[in-house]
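Given next are the chains, with one letter for each unit.
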Amino acid sequence: MSEPVPRRSRDDLPFRRIAVVLSGGGALGAYEVGVLRVLETAGIRPSILAGVSVGGINAILWLAHGFHAAPLERVWSRLRASSVGMHWITLMVRALGAGLMAIAAIQLVLTLAGSPELSPRRWFVPAVSSYDGVVGALLDTLAWLLVGVLGVLVARASRTAEETLSRLSPPRDPHRLQRWFGWFLLLGLAAHLVTWAMGLAWPHRFSASVLLIGGLVWFANRSGHTGDRMRRLILRILPETGGRGLWGSDARRRLIQRVVAEGDPEALLTPETHLIMSACAIESGHMCYFINWPDPTPEFRERIRNVVGHVVPLGRPEEIIEAAVASSAVPGVFEPVRIGEREFVDGGVFSNQPLHAALADGADAILVVLVSPSSGPPKPSRDPHLLELAGRLIEIANWRNLQTELRALPPGWRRQPATSTTADTSSATFYASLATTAKAPVRVCVVEPQSALPGGLYEFSPEHLAELRRRGGRDAWHALEAAGWLADPAPRA
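Residues numbered from 1 in each chain as written. Predicted model: local features only at pLDDT ≥ 70, side-chain atom pairs only at ≥ 80, totals over all residues. Heavy atoms only, no water.

**Q** Give me a nonpolar patch on the surface: which residues, what numbers.
**A** A cluster of nonpolar residues, Trp183, Leu186, Leu189, Leu193 and Trp196, forms a patch on the protein surface that exposes about 600 Å² of accessible area. Relative to the helices and strands, tryptophan 196 is located in helix 8 (residues 176-198). (Patch = residues over 30% accessible without salt bridge, like charges linked within 9 Å, V, L, I, M, F, W, Y side chains within 5 Å. Areas by Shrake-Rupley, 256 points an atom, 1.4 Å probe, with all protein chains shown as cover. Salt bridge = Lys/Arg side-chain N within 4 Å of Asp/Glu carboxyl O. Helix = DSSP H or I, 4+ residues; strand = E, 2+ residues; numbered from the N terminus.)

And the structure:
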C-alpha cells in the first residue's frame, strides 16, 4: 500500500453532525492516535466523540487538548505496561506471600506430626524426650508460625505496594525504580561475592536466597524479550490470587489526570462536542453511557434503554475522568471501579463499537476506528498464556459486536442484503468502496488495519507503539480517500 498524501477534508462535505467512534483495544490504542493525527490535519472535528476502554481514554485526552494529537503522541511514545498499573512485581509479591504461607503450613504440620517430643506418648512416658528437645520443637513451631504470618502480611500488602509504586514511578520515566532496584541487586551481589571469597562472617545462604528472588523479580519486571519470557512463565504457574483483578486502577487514573491537567479540563464539558463513554454495571449487567451534557433528549434515553442501557450525565471533569477509568477496567486484569453505589468494568468487552449511541445522538455520518481487521479476529498463537487467551476472547467478542452494529445501521447507511451475501453485508470494507461507485461521500468511514496489528492488547513495547501510530495514520488517509471525505489533491505547478 502506497504512502498517502495529506489533504484537507472536502468543503462541500454534506455532513453536519459527524461522530468519531474509538474502539477499545489496550495497547492497540496507539493505532487510534495515528488516526487522530490525520483527522487533525484534515480539519475534521467531530460533533460526537464516542469511546470505549482505551478509546474512551484517547477521546477525553484528545478533547482536553483541543483536538490536537501531539500530546497523545508524546504520552504513547513513553507509555509502558507499568504506566497503566500493570506492575509485574506485585504478582511476584503475591506469589511470594502465597508460597510463604504454603511452606509455613507444610512445615507446621510436619513439626507437630513428625516430632516425637510432641507425640501423645510423651504424656504417658515422660522419659521419652528431654526438656531441651521439647523447647526446640516448640521454638521451631513458633518460627514457622511467624513465617506464615509474614506470608499473610506480604500478600495483603501487595495492593498497597502497587499504589505506592504508581505514586513513586512517574509516567515520564516509568523504569526509574527498575534501574534503582537493579543497582541495589548489583551492590548486594558484590558484597556477597567478596565475603564469600574471603571467608568472612556473613549470612551467605540467606544472602544468596535474597539475591536469587530479587533477580527473578527484576527480570520479570523488565522490558524486552527476556522479561517477556519470564512473564510468560509467571502467568503459567501463577496461583489464584483471590483478588478481584490482577491490578488496581490508581496508576491509570493518575496518568489520565496528569495528561488532562496539561490541557484544558473544562474542555471536557464543551457543549460543541458530545462525549459518550460506556461501561458495564456489574450488579445489573446494564451498559452505562456516561455523557458530558446535562439534558439528553427523551429520544436519546429511549434508544439507549432499547439496548439494555441507561444514561448518566456528568457535570465535572473529575467525573468524566473516573468514567474513563471505569470504562477501561478490563475484567480479571484490573479491579472493578466504583462510581457512586455501583461498580463498573470495561464496556468494550460487551459493546466495543457503540455506533448505536452515536446514531441515537443524531449523528449523520460516522467515522469508526477498528484495531483489528473487520474480516475476522486474528489467529491465536499455538499455546497462548493467560493474558493472550483473554485477549483472544475479547477480540472475538469485539468482532461479533461489530457485525451486529453494522447490521443494525439504518437502511440508507448500509448495503442492502438483496445485492450481497451475508458475509459481504457484515464486512466493514464495503462502506469504503461505496464512494468509488457513487462518486459521493458515504456516511460510514471505517478505518481498519489491513492485517493483524503487531503486539497485542498488553504489549506496550516502544517499537510496537510507534509502528501502530504509523499504521493508524496511513490507514486513516486511505479510508478517508475511499469514503470520499477528502478534497481533490492540489495540481502540481
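**Q** Before we move on, could you go through the pattern of salt bridges and cite the residues and values that matter?
**A** Once the charged atoms of two side chains with opposite charge are near each other, the side chains can pair. One pass over the full model with this rule turns up 16 salt bridges. With a closest N to O distance of 2.9 Å, glutamate 467 and arginine 471 form a salt bridge. Here glutamate 467 and its partner arginine 471 are both found in helix 18 (residues 462-483), 4 residues apart, which amounts to about one turn of the helix. A relative accessible area of 24% means that glutamate 467 is categorised as partly exposed. By relative accessible area, which is 19% here, arginine 471 ends up buried. Taken together, the shared-partner salt bridges in this structure form one network comprising Asp250, Arg253, Arg254 and Glu322. (Buried < 20%, exposed > 50% of the residue type's maximum accessible area, 1.4 Å probe, protein only.)

**Q** Now, about the pairing of strand 10 (residues 365-369): what can you tell me, with residues and values included?
**A** Across the 5 residues of strand 10, 5 count as buried, placing the element largely inside the fold. As judged from the 5 bridges shared by strand 1 (residues 18-22) and strand 10, these two strands associate in the parallel manner. Among the inter-strand pairings, leucine 22 is bridged to a residue of strand 10, identified as valine 369. Pairing of strand 10 with strand 11 (residues 444-447) involves 4 bridges; the strand directions are parallel. Each residue of the ladder has a partner; that of valine 369, found in strand 11, is valine 447. (Pairing = 2+ DSSP bridges.)

**Q** Provide a residue-level description of helix 13 (residues 317-327), including the pertinent values.
**A** Taking burial as the measure, the 11 residues of helix 13 include 9 buried ones, the bulk of the element. Residues of helix 13 that are buried: Pro317, Ile320, Ile321, Glu322, Ala323, Ala324, Val325, Ala326 and Ser327.

**Q** Would you mind going over the packing of aromatic side chains in detail, with residue names and values included?
**A** Considering all chains together, one arrives at 5 aromatic pairs under this definition. With 5.6 Å between their ring centres and 50° between their planes, phenylalanine 15 and tryptophan 485 make a pair best called tilted. Separated by 470 residues along the polypeptide, phenylalanine 15 in the segment before strand 1 and tryptophan 485 in the segment after helix 18 bring together distant segments of the chain. Across the pair, tryptophan 485 and phenylalanine 15 agree in class, each one buried. The interplanar angle of 50° and the centroid separation of 6.5 Å between the aromatic rings of tryptophan 247 and phenylalanine 334 together place this pair among those described as tilted. Of the two residues, tryptophan 247 is situated in strand 3 (residues 245-247) and phenylalanine 334 in strand 7 (residues 332-334); the sequence distance between them amounts to 87 residues. For tryptophan 247, a relative accessible area of 0% translates into the label buried. When the ring centre of phenylalanine 334 is taken as reference, the NZ or CZ atom of arginine 252 above it lies at 4.4 Å. (Phe/Tyr/Trp six-rings, centres within 6.5 Å; stacked < 30°, edge-to-face > 60°. Lys NZ or Arg CZ within 6 Å of the ring centre and 35° of its normal.)

**Q** Explain the nonpolar core to me, using residue names and the numbers behind them.
**A** Ranked by size, the top nonpolar core spans 83 residues in total, and within it Leu39, Ile60, Ile256, Leu367, Leu480 and Trp485 carry the most contacts. Not counting residues within four places of it along the chain, the set of residues in contact with isoleucine 256 comprises Ile57, Ile60, Leu61, Ile321, Ala324 and Val325. Of all hydrophobic cores here, the second largest spans 29 residues; its members include Val311, Val345, Leu355 and Leu406. (Core = buried A, V, L, I, M, F, W, Y, C linked by side-chain atoms within 4.5 Å. Contact = heavy atoms within 4.5 Å.)

**Q** Which residues make up the side chain of asparagine 58, and what are the values?
**A** Within the secondary structure, asparagine 58 sits in helix 2 (residues 54-64). When near neighbours in sequence (up to four residues on either side) are disregarded, asparagine 58 contacts Leu22, Gly29, Glu32, Val33, Leu36, Leu72 and Trp76.

**Q** Talk me through empty space enclosed by the protein; I want residue IDs and the actual numbers.
**A** For the coordinates displayed, the defined rule picks out 3 cavities of 30 Å³ or more. By volume, the largest cavity is sized at about 370 Å³. Looking at the largest cavity, it is lined by 28 residues, and the ones nearest its centre are Gly26, Ala27, Ser53, Val54 and Ser328. Taken together, the elements giving at least two residues each to the lining of the largest cavity come down to helix 2, helix 3 (70-78), helix 11 (250-262) and helix 15 (386-407). (1 Å grid on protein atoms, 1.4 Å probe; cavity = no way out; pocket = protein on both sides within 12 Å on 5 of 7 lines; lining within 4 Å. Points joined across faces, edges and corners; volume = space filled by probe spheres on them.)

**Q** Residue-level account of the pairing of strand 6 (residues 309-313), with values.
**A** With 5 bridges joining them, strand 5 (residues 287-291) and strand 6 adopt parallel strand pairing. Opposite methionine 287, over in strand 6, you have glycine 309 as the bridge partner. A crossover links strand 5 with its parallel partner strand 6, the connecting element being helix 12 (residues 298-306), and its sense is right-handed. (Right-handed = clockwise from strand over helix to strand, strands pointing away.)

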